Amino acid sequence: MQHIFTVDAEDWPQLLCSYLGHDCSVSEQFALSIRRTLDLLDAHDTHATFFVVAPHAAAEPEVVREIAARGHEVASHGVSHAKLYTFSPQQFREDIRRSAETLEEITGEKVRGYRAPFFSLMPQQSWAFEALLDCGLDYDSSLTTLLWQREGMPLPDEPFICELPDGREILEVPALARRFGPITGRLIGGRTLRVLPFGTTLAHMHDRERDDLPAMLYVHSYEVTPDRLMGYLPSGLPVADRAKLFVSAKAFEVGMGRMSRALSELLERYKWAPMREVADELRERGDLPRLQIEDLVRRGTEGAVTSSQPEVQSNVRAQ
Ligand SMILES: [Zn+2]
């Protein structure tokens, strides 16, 4: 069984500064943390998918070319890194089109997949599946099944195919999430790997292997670094904003020291592959659940959904 290893490649300092209205350039942390991740994967002879934020890629094209040259997949993490429910359908199409063009220009390789920032695809945005197909993508990994299931949407806890009436189809590889006491954590990656007991992750891996389903791991490139995130912030920020970023940085850094060790152990114990490779294997199996995009769009707009700020994705620090 090949599981799916994914990396969200983004520059934490630039994103956080932009959320506070500052026009900061991409920091050296972006390329540095990606190269550390590449070295970790090399050490375990493993290839992965890197979902890259397009403007960060444009600022550091060399490291993005290096991702592809070292045998990994480069996929889209959008242009603006905004939560998907802030987009109109037209804005979303434009974001995807521009991000795919940017990445394809840099690597010379076709972009096949997309991940929404914060896994923020909710039922109200089911129109996104058709937009992704229109932009030439064939898989997506943007939603958390638990959040949809809580809204009464009929999603399985496994990859599934979304079909259009015209015969086109897109594969969705969702993130799973579970309640762990007061914490809702996605399986597996990010905060779950940093904060919860490692046995939680191993139990999930055991379940996926038993059920003959791939696990999907996600990690941010900046989590694969022992550095203090604050060290990469630009100088000259107002004191009040520095204080806000300090709080965010501290939240992100909780458990960060455990991440490299957890990843090494998972890379050692299990076989991992890029999402494009596992996506092709899953399609060949031919036994995936199939859902109609029209049905998802209808349910999403009919009001089966009540909340627009779901718990897991409501806070940048909850990643
Ligand atoms: Zn992201």
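Please read all numbers here as calculations on a predicted model, not as lab measurements.

### Notes on the pairing of strand β3 (residues 73-76)
Sheet faces and side chains relate simply in a regular strand, where the side chains alternate between the two faces. Across the two faces of β3 the burial is the same, with Glu73 and Ala75 and Val74 and Ser76 all buried. Pairing of strand β2 (residues 49-52) with β3 involves four bridges; the strand directions are parallel. By the bridge assignment, Val52 is partnered in β3 with Ser76.

### Re the coordination of the zinc ion
Protein-derived coordination of the zinc ion comes from Glu10 (OE), His77 (NE2) and His81 (NE2), at a distance range of 2.0 to 2.1 Å. Written as a sequence motif, the donor arrangement for the zinc ion is E-x66-H-x3-H.

### Brief notes about the state of the cysteines
Taken as a whole, this structure holds zero disulfides when the rule is applied. With no disulfide of its own, Cys135 lies closest to Cys162 among cysteine sulfurs, the gap being 16 Å. Residue classification places Cys162 among the buried positions, given a relative accessible area of 0%.

### A word on helix α2 (residues 28-43)
If you check α2, its first and last C-alpha atoms are 23 Å apart, about what 16 residues at 1.5 Å a residue would give, namely 22 Å. Inspection of α2 places Gln29, Phe30, Ala31, Ser33, Ile34, Thr37, Leu38, Leu40 and Leu41 among the buried residues, and these make up the whole buried set. The elements touched by buried residues of α2 are β1 (2-9), α1 (12-19), β2, α3 (54-59), α4 (61-69) and α11 (256-269).

### Points about the environment of Leu282
Take Leu282: it is sitting in helix α12 (residues 275-285). Judged by relative accessible area, Leu282 falls into the buried class, the value being 3%. In this structure, the C-alpha to C-alpha distance between Leu282 and Lys250, residues 32 residues apart in sequence, is 39 Å. Once you skip the residues sitting within four places of it in the chain, Leu282 turns out to touch Pro159, Leu171, Pro214 and Leu288.

### Some words on the side chain of Thr201
With respect to the helices, strands and loops of the structure, Thr201 is situated in helix α9 (residues 198-210). Sequence-distant contacts of Thr201, that is, excluding residues within four places in its chain, are made with Ile188, Leu193 and Leu266.

### Some details on helix α10 (residues 239-253)
Compared with an ideal rise of 1.5 Å per residue, which puts 15 residues at 21 Å, α10 spans 21 Å between its outermost C-alpha atoms and is within 8% of the ideal. For α10, the set of buried residues is Asp241, Leu245, Ser248, Ala249, Phe252 and Glu253. Buried residues along α10 cover an arc of 130° about the axis, so they all sit on one side. For α10, the exposed residues lying more than 90 degrees away from the buried face are Val239 and Ala240.

### Here's the deal with unusual backbone geometry
Following Leu187, the chain continues to Ile188 via a peptide bond in cis, the omega torsion being -5°. Examined against the element boundaries, Ile188 turns out to sit in the loop between β9 (183-187) and α8 (190-195). Unusually for a residue other than glycine, Asp45 sits at a positive phi of about 50°. Here Asp45 lies in the loop between α2 and β2. Even without being glycine, Phe118 reaches a positive phi, approximately 65°. Along the chain, Phe118 turns up in the loop between β4 (113-114) and α6 (128-134). Look at Phe118 and you get buried, because its relative accessible area is 7%.

### A word on the nonpolar core
Counting residues in each nonpolar core, the largest one holds 67 residues, and the members touching the most others are Phe5, Phe50, Val52 and Phe92. Apart from residues no more than four positions distant in its own chain, Val52 is found in contact with Ala9, Phe30, Ala57, Val64, Ile67, Val74, Ala75, Ser76, His77, Gly78 and Leu103. Among the nonpolar cores identified, the runner-up in size contains 17 residues, and Ile4, Val173, Tyr218 and Val278 belong to it.

### Quick word on the packing of α2 against α4
Direction vectors running N to C along α2 and α4 enclose 15°, while the axes themselves pass 10 Å from each other. The angle between α2 and α4 places the two elements in the roughly parallel class. α4 is crossed by α2, and the crossing has left-handed handedness. In this structure, α2 uses Phe30, Ala31, Ile34, Arg35 and Leu38 to contact α4, whose residues at the interface are Glu62, Val63, Glu66 and Ile67. Looking at the contact of α2 with α4 residue by residue, the classes come out as six nonpolar, no polar and three charged.

### So, the side chain of Thr144
Tracing the sequence through the fold places Thr144 in the loop between β5 (139-140) and α7 (145-150). Among residues more than four places away in sequence, those in contact with Thr144 are Phe119, Ala175, Leu176, Ala177 and Arg186.

### Describing the packing of aromatic side chains
All chains considered together, the criterion is met by six aromatic pairs. Measuring from ring centre to ring centre gives 5.8 Å for Phe5 and Trp272, while their planes differ by 85°; the resulting arrangement is edge-to-face. Of this pair, Phe5 sits in strand β1 while Trp272 sits in strand β11 (residues 271-273), placing them 267 residues apart in sequence. This pair shows no difference in class: Phe5 is buried, exactly as Trp272 is. Note on Phe119 and Tyr218: the rings are 5.0 Å apart at their centroids and 75° apart in plane angle, and the pair reads as edge-to-face. Here Phe119 is found in the loop between β4 and α6, whereas its partner Tyr218 is found in strand β10 (residues 216-220), with 99 residues between them in sequence. The burial state of Phe119 is the same as that of Tyr218; both residues are buried. A connected cluster of aromatic rings, assembled from ring pairs, spans Phe87, Phe92, Tyr114 and Trp127. The ring of Phe118 carries Lys83 above its face, with NZ or CZ at 5.0 Å from the centroid.

Reading guide: rules and limits
Residues numbered from 1 in each chain as written. Predicted model: local features only at pLDDT ≥ 70, side-chain atom pairs only at ≥ 80, totals over all residues. Heavy atoms only, no water. Buried < 20%, exposed > 50% of the residue type's maximum accessible area, 1.4 Å probe, protein only. Helix = DSSP H or I, 4+ residues; strand = E, 2+ residues; numbered from the N terminus. Pairing = 2+ DSSP bridges. Donors = N, O, S within 2.8 Å, 3.2 Å for Na, K, Ca; no water. Disulfide = S-S within 2.5 Å. Expected span 1.5 Å × (residues − 1). Contact = heavy atoms within 4.5 Å. Arc of directions from axis to C-beta. Core = buried A, V, L, I, M, F, W, Y, C linked by side-chain atoms within 4.5 Å. Axes fitted to C-alpha atoms, helices over the stretch in contact; angles between N-to-C directions. Parallel < 35°, antiparallel > 145°, perpendicular 65-115°, else oblique. Left-handed = near helix turned anticlockwise from the far one by under 90°. Nonpolar A, V, L, I, M, F, W, Y, C, P; charged D, E, K, R; others polar. Phe/Tyr/Trp six-rings, centres within 6.5 Å; stacked < 30°, edge-to-face > 60°. Lys NZ or Arg CZ within 6 Å of the ring centre and 35° of its normal.

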